[in-house]
Amino acid sequence: MRHLRSIDDVTADDIATIMATATEMHDVQSRQVKKLPALRGRTVINLFFEDSTRTRSSFEIAGKWLSADVINLSAKGSSASKGESLRDTALTVTAMGIDGLVVRHSASGAAHQISGWVDVPVINAGDGTHEHPTQALLDCYTLQRALGDLAGRRVAIVGDLTHSRVFRSNLACLTRLGAQVVGVAPPTLMPAGVGPWSGTDGFEVSNDLDAVLPTVDAVMMLRVQRERMSGGFFPTGREYTVEYGLTRTRLARLGERTPILHPGPMNRGLEISPEAADAASSRVLDQVSAGVAVRMSVLYHLLAGEEA
Ligand code: ASP
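Below is a summary of the structure that appears in this document. Given the structure is predicted, the values throughout are model-derived calculations rather than measurements.

The rules behind these values
Residues numbered from 1 in each chain as written. Predicted model: local features only at pLDDT ≥ 70, side-chain atom pairs only at ≥ 80, totals over all residues. Heavy atoms only, no water. Salt bridge = Lys/Arg side-chain N within 4 Å of Asp/Glu carboxyl O. Helix = DSSP H or I, 4+ residues; strand = E, 2+ residues; numbered from the N terminus. Buried < 20%, exposed > 50% of the residue type's maximum accessible area, 1.4 Å probe, protein only. Near = heavy atom within 4 Å. Polar contact = N/O pair within 3.5 Å; in protein donor to acceptor, adjacent residues only side chain to side chain. Areas by Shrake-Rupley, 256 points an atom, 1.4 Å probe, with all protein chains shown as cover. Nonpolar A, V, L, I, M, F, W, Y, C, P; charged D, E, K, R; others polar.

Some points on the pattern of salt bridges
And then number 1: Taken as a whole and assessed by the stated rule, the structure comprises 11 salt bridges.
And then number 2: With a closest N to O distance of 3.3 Å, Asp8 and Arg176 form a salt bridge. With a gap of 168 residues between them, Asp8 in the segment before helix H1 (12-28) and Arg176 in helix H6 (residues 165-176) connect regions that are remote in the sequence.
And then number 3: With relative accessibility at 31%, the residue Arg176 sits in the partly exposed group.
And then number 4: A salt bridge links Lys64 to Glu60; the shortest N-O distance between them is 2.7 Å. You can see Lys64 and its partner Glu60 sitting in helix H2 (residues 54-65), four residues apart, about one turn around the helix.
And then number 5: Under the relative-accessibility criterion, Lys64 is labelled partly exposed at 34%.
And then number 6: Among the charged side chains, a salt-bridge network with shared partners connects Asp210, Arg250 and Arg253.

Right, dumping it as structure tokens:
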């Protein structure tokens, strides 16, 4: 594993290794002194061309807890806002002698492109509507802690599938771990051409959330990504909630112990009700906590391994 640009960069064995290391890294969070020397002397740049709360701060914390030097660069405030090309920005920051690049960009494929220009490991922290591999790894880590082995488990991923990089990475990661995925969305938010994927390799689709919920072991709600929508994908927010929201009524019908996930940021009252977001079965904050451990593990394996 040289880069983590998509889940295609990791085998099932790699995922198992990342999870095992993440479990060890997770213990660091509860220590008083949260420092391991593993990446001492290494420098990581977080290059973020899109907004982020969880992902950027958890990559920063993860790097710092491994004793790396971490620098955050965002498009606002960097020369990208003066018209510098992505290639020039990537080459400029790597020319400073850094050891790893974490990239978020609104263009699908940006991380792949950058990995062809630079000679350090590139980690994709979200590229357009393509992938967000560390999110999928932390989601699967969270699900494994809640459910054990995911082989044969059935997970619903619900909502704005068309615009969701979280969906694409999770579909790949969950099926690689032997889970079955049901993608639930209104027809207008179901990715074009998804038909042929359906029914193969543990993936199916549905437009009927109420029919799917009683059949699943876990439910992952996705944010309605208005910033990526160019038109009206549903009549009103209210209508979306009635058909596809994890409302209080649906929560009551869901098994009390069925884990509820959401990658954040949540639109409370739209795709998820406050009751579901704050339910005892909600794993949303576990996901955030797992995010640091999993990103520590990924940084460790990419930067401290044989290839570093
Ligand atoms: N935080 C996730 C992402 O960057 C999910 C979302 O924004 O809806 O893709």
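Here's the deal with the site of the ligand
And then number 1: Arg104, His132, Arg165, Val166, Arg223, Gln225, Pro263, Gly264 and Pro265 make up every residue found near the ligand.
And then number 2: Taking Arg165, its side chain carries an N or O atom lying 2.8 Å from an oxygen atom of the ligand.
And then number 3: Residue Arg223 places a side-chain N or O atom 2.7 Å away from an oxygen atom belonging to the ligand.
And then number 4: When isolated, the ligand has an accessible area of 270 Å², and the protein chains bury 92% of it.
And then number 5: Residue classes in the shell around the ligand are distributed as three nonpolar, three polar and three charged.

Just distances and angles here, no functional claims.
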